[in-house]
Amino acid sequence: MPWDDLTGHEDAIDRFRRSIVRNRLASTYLFVGPAGVGKHTFALKLAQALLCSANPPQELEACGNCPSCQQVSAKTHPDLILISKPADKAFIPVETFIGDREHRRQRGLCHDIGLKPFMGGRKIAIIDDADFLNQESANCLLKTLEEPPPNSLLMLIGTSEQRQLSTIVSRSQVVRFSALSNEQVANLLNRMNDLESDLPIDELAAASNGSVTLAVQLSESEVCEFRKQLYSYLTEMDPQWNGFTKAVIGFVDAAGKDGATKRARLALIGDLAIEFYRQGFLAATGSRSEGVVMDAVMANAVDSFVQNSDGLSGEELAERCGVCIHRCGDFQQQIAANVSPANAVDAWLRDLSRLGRGLALV
Ligand SMILES: [Zn+2]
């Protein structure tokens, strides 16, 4: 698993190379950036390079073959701690950090990371879903961040700094990951043997906003169709119109029976809407970057959205997009916190309809 097969993020690799050569590796890093651009893969590759027993850590280049490298690939390395939010939970449970009631402070990440490394020269923890740390878990983690055990490395992975607690951000080195280019996404999709899609790869890549995860989701024709429908409603600035709530819930229910699958689909709907308003914002402020090719569905939707805003200045339209993006973020948090989907969707669409028309929320 050498760096060669990571797509993009060369500047982040360089940054870590420089730090390690100067012996300035920090003990806590916070990786932020859109979902599906390779943050987790990057963290695993970094762990592998640091734990490799054939190459010295200063080279930051895993050999890929030694037992250590193989155990990192298989996610079974005894000095590598991997944590993520369980699908059926709204947050990463506090037990993950300090053990359950019977084993308080004798188990969990905060305990394990302080143990002497078994094999490699260090202990490494990767915390996915850092957007879902609640206050209690963050408090447990803080002590570890303040007094990191020697030779420990913690990588927290989230989507944005704004979604992290400030106490965590202030104790971390932030590494920002940007979206991949359409070409990079297309290359990655081409390498996936089991990807089946009605859409050509380059169209999927153009619709992906630089996220491989989203591109894969859009390869399902049902998701692609829904995206079209959602955008046609959002362009009307009145997405609650004509029973659209029902259609949204139908799409969520079609994902599967269990709650986690439904929540993942609701989160996807939030992401799609955020991307729409983000593109609307860029169009309204004339700050769309040159050279970024959008797919026809988004391009047409944004054009109609701007036309429908007849009479609004660019600044006013941008402001409305901003408040709608904020409301979409709240919607996603409600979903993560297990609010009933029907209620959350209904209130969200109602609010978007009001905010899109410049009305105050009731
Ligand atoms: Zn190795």
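Model, not experiment: these values are computed from the prediction.

## Observations concerning the nonpolar core
Part 1 of the reasoning: Counting residues in each nonpolar core, the largest one holds 78 residues, and the members touching the most others are F31, F42, L46, M155, L230 and Y277.
Part 2 of the reasoning: When residues of this core are assigned to domains, at least three fall in each of domain 1 (3-176) and domain 2 (220-356).
Part 3 of the reasoning: Filtering out sequence-adjacent residues up to four positions away, L46 remains in contact with W3, F16, L60, L153 and M155.
Part 4 of the reasoning: If you look at the next biggest cluster of nonpolar residues, it comprises 24 residues, including I83, L145, L154 and V169.

## Remarks on the packing of aromatic side chains
Part 1 of the reasoning: Enumeration over the complete set of coordinates arrives at 15 aromatic pairs.
Part 2 of the reasoning: A ring pair is formed by Y233 and F244, whose centres lie 4.0 Å apart and whose planes are at 10°; its orientation type is stacked. One end of the pair, Y233, is in helix α11 (residues 221-235); the other, F244, is in helix α12 (residues 244-253), with 11 residues separating them in the sequence.
Part 3 of the reasoning: Judged by its relative accessible area of 0%, F244 falls in the buried class.
Part 4 of the reasoning: Considering the side-chain rings of F276 and Y277, the 5.3 Å spacing of their centres and the 80° angle between planes classify their relative orientation as edge-to-face.
Part 5 of the reasoning: On the basis of relative accessibility, which here comes to 3%, the residue Y277 falls in the buried class.
Part 6 of the reasoning: Members of the aromatic cluster, each reached through a chain of ring pairs, are W3, F16, Y29, F31, F42 and F177.
Part 7 of the reasoning: In this structure, K85 is placed above the aromatic ring of F132, and the distance from its NZ or CZ to the ring centre is 5.2 Å.
Part 8 of the reasoning: Above the face of the F251 ring, R265 is positioned so that its terminal group lies 4.0 Å from the ring centre.

## Topic: the coordination of the zinc ion
Coordination angles at a metal have ideal targets, namely 109.5 degrees for four tetrahedral donors and 90 or 180 degrees for six octahedral donors.
Part 1 of the reasoning: Protein ligation of the zinc ion involves C52 (SG), C63 (SG), C66 (SG) and C69 (SG), the donor distances falling in the range 2.3 to 2.4 Å.
Part 2 of the reasoning: Around the zinc ion sit four donor atoms, and with donor-metal-donor angles ranging over 105 to 116° the site reads as tetrahedral.

## Some words on the domain arrangement of the protein
Part 1 of the reasoning: The assigned domain composition of the protein is domain 1 (3-176) and domain 2 (220-356).
Part 2 of the reasoning: Computed over C-alpha atoms only, the centres of domain 1 and domain 2 are separated by 33 Å.
Part 3 of the reasoning: Every contact between the two is made by six residues of domain 1 and, on the other side, six residues of domain 2.
Part 4 of the reasoning: Note on domain 1 versus domain 2: buried area summed over both sides is about 430 Å², and carbon and sulfur give 50% of it.
Part 5 of the reasoning: When the buried surface of domain 1 facing domain 2 is broken down by residue, A87, A90 and R163 rank first, second and third, together holding 66% of it.
Part 6 of the reasoning: Where domain 1 packs against domain 2, one counts zero salt bridges.
Part 7 of the reasoning: Linking domain 1 with domain 2 are zero residue pairs in polar contact (both at pLDDT 80 or more), by the criterion used here.
Part 8 of the reasoning: Each residue belonging to the side of domain 1 that touches domain 2 can be placed in one class, and the counts come to three nonpolar, no polar and three charged.

## What to know about the side chain of D79
Part 1 of the reasoning: Following the sequence through the fold, D79 ends up in the loop between α3 (67-73) and β2 (80-83).
Part 2 of the reasoning: A relative accessible area of 0% means that D79 is categorised as buried.
Part 3 of the reasoning: A polar contact of 2.7 Å, which involves the side chain of D79, links it to the backbone nitrogen of F118.
Part 4 of the reasoning: One polar contact links the side chain of D79 to the main-chain amide nitrogen of M119, over a distance of 2.7 Å.

## Considering the pattern of salt bridges
Part 1 of the reasoning: This model, assessed by the stated rule, comprises 14 salt bridges.
Part 2 of the reasoning: Between K262 and D253 there is a salt bridge, with its nearest N and O atoms 3.3 Å apart.
Part 3 of the reasoning: Note on K262: relative accessible area 22%, which makes it partly exposed.
Part 4 of the reasoning: Residue D351 pairs with R350 through a salt bridge whose shortest N-O separation is 3.7 Å.
Part 5 of the reasoning: On the accessibility criterion, D351 (7% relative accessible area) is buried.
Part 6 of the reasoning: Taking the relative accessible area as the measure of exposure, R350 reaches 32% and is therefore partly exposed.

## Quick look at the environment of D253
Part 1 of the reasoning: Inspection of the secondary structure puts D253 in helix α12.
Part 2 of the reasoning: Taking relative accessible area as the criterion, D253 reaches 41% and is therefore assigned partly exposed.
Part 3 of the reasoning: Between the C-alpha atom of D253 and that of N182, which follows or precedes it by 71 residues, the distance is 31 Å.

Calculation notes
Every residue gets a number counted from 1 within its own chain, in the order that chain's sequence is written. The predicted nature of this model means local features are confined to residues of pLDDT at least 70 and side-chain atom pairs, given and counted, to a pLDDT of 80 or more, with totals for whole chains, interfaces and linings taken over all residues. With hydrogens and water excluded, all non-hydrogen atoms of the structure serve as input to the side-chain values. By nonpolar core we mean a set of buried residues, namely Ala, Val, Leu, Ile, Met, Phe, Trp, Tyr and Cys, connected to one another through side-chain atoms within 4.5 Å. Relative accessibility thresholds used throughout: buried, under 20% of the residue-type maximum; exposed, over 50%; partly exposed, between the two (1.4 Å probe, protein chains only). Start and end points for every domain follow an automatic or database-based domain assignment. By the convention used here, residues are in contact when the closest approach between their heavy atoms is within 4.5 Å. When two rings of Phe, Tyr or Trp (its six-membered ring) have centres within 6.5 Å they constitute a pair, described as stacked for plane angles under 30 degrees, edge-to-face for angles over 60, and tilted for the intermediate range. Put simply, DSSP H or I for four residues or longer makes a helix, DSSP E for two residues or longer makes a strand, and each gets a number counted from the N terminus. Charge-over-ring contacts are defined here by two conditions on Lys NZ or Arg CZ: a distance within 6 Å of the ring centre and an angle within 35 degrees of the ring normal. Only nitrogen, oxygen and sulfur atoms count as donors, using a 2.8 Å cut-off from the metal that widens to 3.2 Å for Na, K and Ca. Water is left out, so coordination shells may look unfilled. Site shape is set this way: if four donors have all angles between 85 and 135 degrees, tetrahedral; if opposite donors are over 155 degrees apart and all others between 65 and 115, square planar for four donors and octahedral for six; otherwise irregular. Accessible-area loss on putting two parts together, using a 1.4 Å probe and summing over both, is the definition of buried area adopted here. Just to be clear on terms, a salt bridge is a Lys or Arg side-chain nitrogen sitting within 4 Å of an Asp or Glu carboxyl oxygen. Polar contacts, as counted here, are pairs of nitrogen or oxygen atoms within 3.5 Å of one another; within protein the pair requires one atom able to donate a hydrogen and one able to accept it, and residues that are adjacent in sequence qualify only if both atoms are side-chain atoms. Polarity classes work like this: nonpolar for Ala, Val, Leu, Ile, Met, Phe, Trp, Tyr, Cys and Pro, charged for Asp, Glu, Lys and Arg, and polar for all others, with Gly in that last group.

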